[in-house]
Amino acid sequence: MKITQFDNKYLNEMAQLFADEYSEPDAGRVWNLETAKKYLNRDINSAPEYCLLALEEDKCVGGVFCRIDPYYTGEMLFVDSLQTKKEYRNKGVAKKLLQEVFKLAKQSNLLGTHLLADAREGFPRTWYEAIGFTLSGWAEYEAQWEELERFISE
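A brief look at the structure comes next. (Residues numbered from 1 in each chain as written. Predicted model: local features only at pLDDT ≥ 70, side-chain atom pairs only at ≥ 80, totals over all residues. Heavy atoms only, no water.)

Brief notes about the pairing of strand β4 (residues 74-84)
Okay, step 1: For β4, the buried fraction is high: nine of the 11 residues fall into the buried class.
Okay, step 2: For strand β3 (residues 59-71) and β4, the ladder comprises 10 bridges, and the chain directions are antiparallel. Residue pairing across strands places G63 opposite Q83, the latter belonging to β4.
Okay, step 3: Here β3 folds back onto β4, and the loop between the two strands holds two residues, one of which, Y72, carries a positive phi near 45°.
Okay, step 4: Note that β4 and strand β5 (residues 113-115) share three bridges and pair parallel. Paired with F78 across the bridge in β5 is H114. (Buried < 20%, exposed > 50% of the residue type's maximum accessible area, 1.4 Å probe, protein only. Helix = DSSP H or I, 4+ residues; strand = E, 2+ residues; numbered from the N terminus. Pairing = 2+ DSSP bridges.)

Some thoughts on the sheet that holds strand β2 (residues 51-56)
For sheets, the rule is that strands pair by backbone hydrogen bonds, running either parallel or antiparallel.
Okay, step 1: The five strands are arranged β1-β2-β3-β4-β5 in an open sheet whose pairing can be described as mixed. Each end of this open sheet is capped by a strand with a single partner; those strands are β1 (2-5) and β5. With strand direction ignored, the average angle separating the axes of adjacent strands in the sheet is 30°.
Okay, step 2: Strand direction decides the pairing type here: β1 and β2, joined by four bridges, are antiparallel. Bridging from a neighbouring strand, T4 pairs with L53 of β2.
Okay, step 3: Sheet strands touched by helix α2 (residues 33-46): β2, β3 and β4. Its angle to β3, the strand with the most contacts, is close to 65°.
Okay, step 4: Lying on the sheet, helix α3 (residues 93-107) is in contact with β1, β2, β3, β4 and β5; it crosses β4 at an angle near 160°. (Axes fitted to C-alpha atoms, helices over the stretch in contact; angles between N-to-C directions. Contact = heavy atoms within 4.5 Å.)

Listed below in structure tokens is the structure:
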């Protein structure tokens, strides 16, 4: 497996994988290809050196997309998305991607890294904790406009 800088020829493929992995149809939250491309492009355009692909014989099998966040007294790497094709899971792809992007960030003297993960299930929370992350105590909140209608109209 080869870890390399993101190549735009894989954008559609990675955006589709992102949409498949991060959609929650039962909750009514579904990514489409165009929105997923915009989301990935945000990181690609702001911090391309921290957007990496895993290639197996020139076949894209996964990717990590990051950006740099101002953070207290310096800057932190924010892991925005990490995805691996199903047939390549449990083969070290995500681990290798994170190891490489973390090495790059450490060499650039960033303070550390942070990310959002689905804490509702054991995985990926347990995996992140096993490699050294700790739960920050912060929670992400979200709402659709119809859920806030009463608040907005007060």
